[in-house]
Amino acid sequence: MQSETMEWPVTSGDYMIGDPSSPVAVVTLTSDYRAWDLKNYAICGTCFTENFGIEKVIVNVLSNPKISFLIVCGRESEHFAGQSLLALAENGVSTFGGSRKIVGSEAVIPYLNEIPSTAISRFLREIKVIDLVGTTDPGTIQKAIDSCSGNERGETPELSMPEIDDNSWKKYEKLVTQNVMSRIKKG
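Computed from a predicted structure; not experimentally measured.

> Would you mind going over helix H4 (residues 138-147) with me for this structure?
The α-helix winds at 3.6 residues per turn, so residues separated by three or four positions along the chain end up facing the same way. Among the residues of H4, Ile-141, Gln-142, Ala-144 and Ile-145 are the ones counted as buried. All buried residues of H4 project into a common sector of 160° when viewed along the axis, lining one side. Opposite the buried face of H4, by more than 90 degrees, sit the exposed residues Lys-143 and Ser-147. Where H4 is buried, its residues contact strand E2 (24-27), strand E4 (69-74) and strand E7 (128-133).

> How do you make sense of the confidence of the model for the protein when you look at a structure like this?
In this model, the protein carries an average pLDDT of 87, and 77% of its residues clear a pLDDT of 70 or more. Predicted confidence is poor over residues 1-5, with pLDDT under 50, and the contacts of this stretch with residues over four places away or in other chains come to zero contacts.

> What am I meant to see in the pattern of salt bridges here?
Pairing between side chains of opposite charge can happen when the charged atoms of each approach one another. Going through the model one piece at a time under the given rule, you end up with five salt bridges. The residue Arg-34 makes a salt bridge to Asp-14 at a minimum N-O spacing of 2.8 Å. Here Arg-34 is found in the loop between E2 and strand E3 (43-45), whereas its partner Asp-14 is found in the segment before strand E1 (15-17), with 20 residues between them in sequence. Asp-37 serves as the salt-bridge partner of Lys-39, at 2.9 Å between the closest nitrogen and oxygen.

> How should I be thinking about the sheet that holds E7 in this particular structure?
Judged by pairing direction, the sheet is mixed, and its five strands sit side by side in the order E1-E3-E2-E4-E7 without closing on themselves. If you trace the sheet from one side to the other, it starts and ends with E1 and E7, each paired once. Put simply, the sheet's adjacent strands are angled 15° from each other on average, direction ignored. Taken together, the four bridges between E2 and E4 define a ladder with parallel strand orientation.

> In this structure, what is going on with the environment of Glu-76? I would like to understand it.
Among the structural elements, Glu-76 can be located in the loop between E4 and helix H2 (81-91). Excluding its chain neighbours within four sequence positions, the residues that come into contact with Glu-76 are Leu-29, Thr-30, Ala-81, Gly-82, Gln-83 and Val-133. Polar contacts involving the side chain of Glu-76 include one to the main-chain amide nitrogen of Gln-83, which spans 2.8 Å.

> Could you clarify how one ought to interpret the nonpolar core in this entry?
The nonpolar side chains of a soluble globular protein tend to be buried with one another. Counting 28 residues, the largest nonpolar core has Ile-54, Ile-58, Val-61, Leu-70, Leu-88 and Phe-123 as the members making the most contacts within it. Of all the secondary-structure elements, those providing two or more residues to this core are E2, helix H1 (52-62), E4, H2 and helix H3 (117-126). The dominant element in this core, judged by the number of residues it contributes, is H1, at six residues. Excluding residues that lie within four positions of it along the chain, Ile-54 makes contacts with Cys-47, Thr-49, Ala-81, Ser-84, Leu-85, Leu-88, Ile-102 and Leu-112. Judged by nonpolar contacts, the second largest core, of 16 residues, contains Leu-38, Ile-71, Cys-73 and Ile-141.

Conventions adopted
- Residues numbered from 1 in each chain as written.
- Predicted model: local features only at pLDDT ≥ 70, side-chain atom pairs only at ≥ 80, totals over all residues.
- Heavy atoms only, no water.
- Buried < 20%, exposed > 50% of the residue type's maximum accessible area, 1.4 Å probe, protein only.
- Helix = DSSP H or I, 4+ residues; strand = E, 2+ residues; numbered from the N terminus.
- Arc of directions from axis to C-beta.
- Contact = heavy atoms within 4.5 Å.
- pLDDT = per-residue confidence, 0-100.
- Salt bridge = Lys/Arg side-chain N within 4 Å of Asp/Glu carboxyl O.
- Pairing = 2+ DSSP bridges.
- Axes fitted to C-alpha atoms, helices over the stretch in contact; angles between N-to-C directions.
- Polar contact = N/O pair within 3.5 Å; in protein donor to acceptor, adjacent residues only side chain to side chain.
- Core = buried A, V, L, I, M, F, W, Y, C linked by side-chain atoms within 4.5 Å.

In structure tokens:
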């Protein structure tokens, strides 16, 4: 039987679907969520990068109106995806020269340019981000999941995201060089 609602999750990634009616999404950063045997979440998966990875998280979280919490846990990535998600929740983005940069991110290319700015605004307004970065104890993470209860957010935005491939980051090559050079000059 065909459903009238859009397919969820809407973008690909390394994740598992739990109970789609749960108000909780879990990002385990670089940790293997499969080994933790967590329960009562809508979606649980990894996030390695401070740009495309975070955008995929935003798109999948927002496209399920039941989700109102995002638990960020596990081992941090080399790209500071966890720190960048927390900086996003705390500080938002600044727009300069057509790019949206996560304010306060320590990552090299924390730009969220592949999704609409309205999606970022909505994520900041409607999703409570819970900081458990560095926590790898399944019991602690499960307690956090179980403590979340929320109201359905209302209408679901229709979001999509272009497919990301091994060369997608190259559009940021100039920005990466500028960021690295500015760090060298400061040092």
